[in-house]
Amino acid sequence: MITLSSLTKQFGDATAVDAIDLEIADGEFFSMLGPSGCGKTTTLRMIAGFEEPTSGRIELAGEDVTWTSPRRRNVNMVFQNYALFPHMNVRENVEFGLRIKKLGKAEAKERIERMVAAVRMEGFEDRHPAQLSGGQQQRVALARALVNQPAALLLDEPLGALDLKLRKEMQLELKSIQQQTGTTFVYVTHDQEEALTMSDRVAVMNGGKVEQAADPRTLYQRPDSAFVADFIGTSNLMTIPTGQRAGEDIRIALPAASPNGEVTITVRPEKIKVVASEPADGSYARGTVLENVYLGSMTQLIVEIRSGERLIVHQLNDEDGREPLAPGAAVILAWSAEHSYVIPEKGPQ
């Protein structure tokens, strides 16, 4: 549905988007994820036509739209502030785009009813935005954008103004609406949990480049760079000078196919266990608990191992009455060789 080829945007001497290549499939929920200033919103605005690229190409459904005006692109955009018309009720807000297109009354009525039902706003058609909650306003903004049946819907951090509980509810709502309508969603966020929850694929951006574009499971389990490993979830990053590390208080075993020489590995916190004695194979490290943090379903341990590095360990909280390990406790940490994932030696696009 959307193809970006060597897309670049410069603001003076600053490069906001640096020759990125992306393909977004028809009907896909695709997210662009990264820290502030990584280029994700600028990329979205170029797709919408609100920013002109310095160089490169944008195709929509096979058509070159690089220099096409926003109003002539078959895409709609949803913003964080909803941009609803305060003097119009829900029905009138949803109908607005259809009026511009001069759609017939019967078809317009059918589309409005279908979209209001899709976003679960039946019974609220006569209310004005001031009479709606933040989540309800967001649903109306989605219905207004989708009623025109765009080829793609572009969403720029649309849940940013909502409280945490409502934000999590709306994540599931958005995914449900996208699946129900079959519309291609291109979603910009800096919240990695949000991107992983909703997306079919995610492009992780950093410094104007795409570090990795993949499905959420691949990003989490097989990151292409230390940046992706650190940005997606919580990760323990270590550099192994000789391909393995061994000593009196530590042994790090790597998967069989690992390269020789210095490598960087990531070990996810839930893969590390606290054990009673050093295992016969796999990895282990002796250390001291510095901190434990209760997180409801789990406890997070910060452990300083004898090499001076700090590892994060996630332990599920169960009902066996086990007391959490207190700061100062001596522990042995263990994990299997396959959970020491070696980060490939390749850079971003």
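Heads up: these notes are all about the structure in this document. This one's a predicted model, so the numbers in the text were calculated from it and none came from an experiment.

**Remarks on the overall build of the chain**
Next up, step 1: Counting its secondary structure elements, the chain contains 8 helices and 20 strands.
Next up, step 2: Considered along the principal axes of its C-alpha atoms, the chain spans approximately 80 × 50 × 35 Å.
Next up, step 3: Here the chain holds 349 residues, and 48% of them are scored as buried.
Next up, step 4: For the chain, long-range pairs separated by at least 24 residues make up 67% of all intrachain contacts whose partners lie at least 6 apart in sequence.
Next up, step 5: Put simply, the chain shows about 16,800 Å² of open surface, and 48% of that area lies on carbon and sulfur atoms.

**Observations regarding the packing of aromatic side chains**
Next up, step 1: Tallied over the full model, the rule gives 4 aromatic pairs.
Next up, step 2: Look at phenylalanine 29 and phenylalanine 185: their rings are 5.4 Å apart centre to centre, the planes differ by 50°, and that puts the pair in the tilted class. Of the two residues, phenylalanine 29 sits in strand β3 (residues 29-33) while phenylalanine 185 sits in strand β8 (residues 184-189), which places them 156 residues apart along the sequence.
Next up, step 3: Since its relative accessible area comes to 0%, phenylalanine 29 is described here as buried.
Next up, step 4: When the centroid spacing of 4.7 Å and the interplanar angle of 50° are considered together, the rings of phenylalanine 85 and phenylalanine 96 count as tilted.

**Regarding the sheet that holds strand β11 (residues 236-240)**
Next up, step 1: Taken together, the 3 strands give an open sheet; going across it, the order is β11-β14-β20, and neighbouring strands pair in antiparallel fashion. Sheet topology places β11 and β20 (341-342) at the edges, where each strand pairs with a single neighbour.
Next up, step 2: Pairing of strand β14 (residues 263-267) with β20 involves 2 bridges; the strand directions are antiparallel. Looking at β20, one finds that threonine 266 is bridged to tyrosine 341.

**Here we look at the side chain of glutamine 137**
Next up, step 1: Turning to its location among the elements, glutamine 137 is positioned in helix α4 (residues 134-146).
Next up, step 2: Overall, glutamine 137 belongs to the buried group, its relative accessible area being 19%.
Next up, step 3: At 3.4 Å, the side chain of glutamine 137 forms a polar contact with the backbone oxygen of proline 129.
Next up, step 4: A polar atom in the side chain of glutamine 137 sits 3.2 Å from the backbone oxygen of leucine 132.
Next up, step 5: Other than its neighbours up to four places away in sequence, glutamine 137 contacts Tyr82, Leu84, Pro129 and Leu132.

**A few points about the pairing of strand β17 (residues 298-305)**
Next up, step 1: β17 sits mainly inside the fold: 6 of its 8 residues count as buried.
Next up, step 2: Across 7 bridges, the pairing between strand β16 (residues 283-294) and β17 is antiparallel. The residue of β17 that forms the bridge with glutamate 291 is isoleucine 302.
Next up, step 3: Between β16 and the antiparallel strand that follows it, β17, lie 3 residues; glycine 296 among them carries a positive phi value of about 85°.
Next up, step 4: Two elements, β17 and strand β18 (residues 310-316), share 7 bridges in a ladder whose sense is antiparallel. Considered in β18, the bridge of leucine 301 is made with valine 313.

**Considering the pairing of strand β2 (residues 14-24)**
Each regular strand shows side chains that alternate between the opposite faces of the sheet.
Next up, step 1: Note: strand β1 (residues 2-11) against β2, 7 bridges, orientation antiparallel. Following the sheet pairing, glutamine 10 is matched in β2 by threonine 15.
Next up, step 2: With antiparallel pairing between neighbouring strands as the criterion, β1 and β2 make up a hairpin whose turn holds 2 residues, including glycine 12 at a positive phi of roughly 65°.

**Overview of the packing of helix α2 (residues 90-101) against α4**
Next up, step 1: Look at α2 against α4: their axes get within 7 Å of each other, and the N-to-C directions meet at 30°. Here α2 is positioned roughly parallel relative to α4, judged by the angle of their axes. For the element pair α2 and α4, the recorded crossing hand is right-handed. Contact with α2, carried on its side by Val90, Asn93 and Val94, involves Val140, Ala143 and Arg144 of α4 and no other residues of that element.
Next up, step 2: Taken together, the residues of the contact of α2 with α4 break down into 4 nonpolar, 1 polar and 1 charged.

**Some remarks on the nonpolar core**
Next up, step 1: Counting 33 residues, the largest nonpolar core has Val94, Leu142, Leu153, Leu155 and Leu174 as its most contacted members.
Next up, step 2: Of all the elements, α4 adds the most residues to this core, at 6 residues.
Next up, step 3: Contact partners of leucine 155, with chain neighbours within four places excluded, come to Leu44, Val78, Leu142, Leu174, Phe185, Val186, Tyr187 and Val188.

**Topic: the sheet that holds strand β9 (residues 201-206)**
Backbone-to-backbone hydrogen bonds join strands into a sheet, with any given pair of strands oriented parallel or antiparallel.
Next up, step 1: The 6 strands are arranged β6-β7-β8-β3-β9-β10 in an open sheet whose pairing can be described as mixed. The open sheet has two edge strands, β6 (75-78) and β10 (209-214), and neither has a second partner. The mean angle between the axes of side-by-side strands here comes to 20°, regardless of whether they run parallel or antiparallel.
Next up, step 2: Bridging between β9 and β10 involves 5 bridges; their strand directions are antiparallel. From the neighbouring strand, asparagine 206 faces β10, where its bridge partner is lysine 209.
Next up, step 3: Where helix α1 (residues 40-48) meets the sheet, it contacts β3, β6, β7 (152-156), β8 and β9, and its direction lies at approximately 145° from that of β7.

**Some thoughts on unusual backbone geometry**
Next up, step 1: Of note in the backbone geometry, alanine 61 takes a positive phi value of approximately 50° without being a glycine.
Next up, step 2: The residue glutamine 149 is not glycine, and still its phi comes out positive at about 55°.
Next up, step 3: Counting through the fold element by element, glutamine 149 comes out in the loop between α4 and β7.
Next up, step 4: The exposure class of glutamine 149 is partly exposed, given its relative accessible area of 44%.

Rules behind the numbers
- Residues numbered from 1 in each chain as written.
- Predicted model: local features only at pLDDT ≥ 70, side-chain atom pairs only at ≥ 80, totals over all residues.
- Heavy atoms only, no water.
- Helix = DSSP H or I, 4+ residues; strand = E, 2+ residues; numbered from the N terminus.
- Buried < 20%, exposed > 50% of the residue type's maximum accessible area, 1.4 Å probe, protein only.
- Contact = heavy atoms within 4.5 Å.
- Areas by Shrake-Rupley, 256 points an atom, 1.4 Å probe, with all protein chains shown as cover.
- Phe/Tyr/Trp six-rings, centres within 6.5 Å; stacked < 30°, edge-to-face > 60°.
- Pairing = 2+ DSSP bridges.
- Polar contact = N/O pair within 3.5 Å; in protein donor to acceptor, adjacent residues only side chain to side chain.
- Axes fitted to C-alpha atoms, helices over the stretch in contact; angles between N-to-C directions.
- Parallel < 35°, antiparallel > 145°, perpendicular 65-115°, else oblique.
- Left-handed = near helix turned anticlockwise from the far one by under 90°.
- Nonpolar A, V, L, I, M, F, W, Y, C, P; charged D, E, K, R; others polar.
- Core = buried A, V, L, I, M, F, W, Y, C linked by side-chain atoms within 4.5 Å.

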